[in-house]
Amino acid sequence: MVYFYIQSVTIELNSKMKYWKKINFDEQRQHIADALSKNIDYQKIITLGVPGSKLDSQVFYDQASFLKEAPFLQSIVQNPNHIGCHTLGESEPYFAGTQEIEREVIKILSEDILKATEGSCDGYIATGGTEANIQACWMYRNFFMQEYGARLDEILLIASEDTHYSVHKASNLLQIDFLSIPVQMDTREIIEAELDRLVAQAQQSGKKYVIVISNVGTTMFGSVDDPDSYATVLTKYDLVFKIHMDAAFGGFIYPIVQSENNIGFNNPHVSSVTLDAHKMLQAPYGTGVFLSRKGLINYVLTAEAKYVNGMDITLSGSRSGANAIAVWMILQTYGPHGWLEKLNTLLYRTTVCCTDLDKLGVRYYRNPQMNIITIRASDIPFTLVTEFGLVPDSHGNASQWYKIVVMDHVQIDVLKQFIERLSQQLS
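Thresholds, definitions, all that
Residues numbered from 1 in each chain as written. Predicted model: local features only at pLDDT ≥ 70, side-chain atom pairs only at ≥ 80, totals over all residues. Heavy atoms only, no water. UniProt positions renumbered as here; feature names shortened; annotations may be inferred. Pairing = 2+ DSSP bridges. Helix = DSSP H or I, 4+ residues; strand = E, 2+ residues; numbered from the N terminus. Contact = heavy atoms within 4.5 Å. Axes fitted to C-alpha atoms, helices over the stretch in contact; angles between N-to-C directions. Patch = residues over 30% accessible without salt bridge, like charges linked within 9 Å, V, L, I, M, F, W, Y side chains within 5 Å. Areas by Shrake-Rupley, 256 points an atom, 1.4 Å probe, with all protein chains shown as cover. Salt bridge = Lys/Arg side-chain N within 4 Å of Asp/Glu carboxyl O. Buried < 20%, exposed > 50% of the residue type's maximum accessible area, 1.4 Å probe, protein only. Phe/Tyr/Trp six-rings, centres within 6.5 Å; stacked < 30°, edge-to-face > 60°. Lys NZ or Arg CZ within 6 Å of the ring centre and 35° of its normal.

Under an unreviewed UniProt entry, the protein has the name Pyridoxal-dependent decarboxylase conserved domain-containing protein and belongs to Sphingobacterium nematocida. What the UniProt record of the protein gives under Cofactor (unreviewed entry) is the line "pyridoxal 5'-phosphate".

This next bit is on the sheet that holds strand β13 (residues 401–405). Across the sheet, which stays open at both edges, the four strands sit in the order β10-β11-β13-β12 with antiparallel pairing between neighbours. The two strands at the open ends of the sheet, each matched to only one other strand, are β10 (364–365) and β12 (391–392). Pairing between β12 and β13: two bridges, direction antiparallel. The residue of β13 that forms the bridge with valine 391 is lysine 403. Across the sheet, helix α9 (residues 321–360) touches β10 and β11 (372–376), and the angle it forms with β11 is around 20°.

Moving on, we get to a nonpolar patch on the surface. A cluster of nonpolar side chains, contributed by Phe66, Leu73 and Ile76, occupies part of the molecular surface with about 250 Å² of accessible area. Position of leucine 73 relative to the elements: it lies in helix α2 (residues 71–78). When its relative accessible area of 36% is taken as the criterion, leucine 73 is described as partly exposed.

This part covers the packing of aromatic side chains. Counted according to the given criterion, the structure contains 12 aromatic pairs. When the ring of tyrosine 124 is compared with that of phenylalanine 290, the centres are 6.0 Å apart and the planes differ by 50°; the resulting orientation is tilted. With tyrosine 124 in strand β3 (residues 121–126) and phenylalanine 290 in strand β9 (residues 288–293), this pair connects stretches of sequence that are 166 residues apart. When its relative accessible area of 0% is taken as the criterion, tyrosine 124 is described as buried. Summarising the aromatic geometry, the rings of phenylalanine 221 and tyrosine 365 are spaced 6.1 Å apart at their centres and angled 80° between planes, so their arrangement reads as edge-to-face. Here tyrosine 365 lies in strand β10 and phenylalanine 221 lies in the loop between β6 (209–215) and α7 (227–236), a separation of 144 residues in the sequence. Assigned by exposure class, phenylalanine 221 and tyrosine 365 land together as buried. Three or more aromatic residues joined by ring pairs make a cluster, and in this case those are Phe143, Phe144, Tyr148, Tyr209 and Tyr299. The ring of phenylalanine 221 carries arginine 188 above its face, with NZ or CZ at 3.9 Å from the centroid. Above the ring of phenylalanine 143, the side-chain terminus of lysine 242 is found at 5.0 Å from the ring centroid.

Now the structure itself:
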């Protein structure tokens, strides 16, 4: 085991990860080149029926010598289409090489990070957390309808009031009633008495099946829900339920720095997870991840997509294989120990800023395993909000909170500058 220390708290990292390794650039480049060589080469193979090609060379110059040293850019030029889900059944054989890299990514995320047993999960690289959350709701709605004969008015979607707006999109698109669960103002924890009361009311009104969205790092606060709280109440009222973890922001930080957790596949109540590689992982925008236990994603099979070799069971359909390569490269460049070291740096910066806010008597919320600080609006002058680019909880309305997200570019010097200006304004 390897140990790191933050605020006198020991963080344990399992060094026996099966798939997540640190790989040097030359090995990465060769691995990706081998994968691309197994994909279709439109100039060498006659393919009259494939509705696609590499990027148009009249517009996108593909002979630049630097492409040999830039495997991600090379993959963009070759333009692999990863339609379908490559962790089960057949897939389009024209892109078999890069599909294998996507499968490697899914194994790293589901098994090494989220503690699934070997080969127990399906998943794919989505366009973002919004798609992945909607995919989960779509999957469970169909599961309830196909397995239990559920009617739409018997299905309920529940999440905390801090949940991402994509859940409201899912409710609207899928025509499922949504129930918002209140949280404590200071701790952002679900008010369990209210959860119990609202679930009891829902049951009395005819709800029998529940889709839960439990958060791992809410967008505004970085707060983390306890999925077992939902499970306890829903079991009490004898409701059939499935729990999806929205770890779009927190998935690449919380389960790594908080190794003892209940938000992954080692929790029997958790059936699927969303991650967003274009947040903490700094992958190109449009790179999310959807993961689920085996036997569930099949419920969103579009049988009418008969021309697709394999099963079209993703919301997005056609999607770029280059995004999977980007995630694989980032993970393998750092390896688990290098990634934890980077996270520790961000958490250290966050802690330094929080310590300074404490000295000034400024009220804020921060989960100690997350890199988000959310400050009470009444405790910070609006001039500093605009000067330092803090984000409000509500644009156009009276804001109650403003947040700081300590990403890679947010250096301690800038945070200290912010604290100095805040101290001047408050004095």
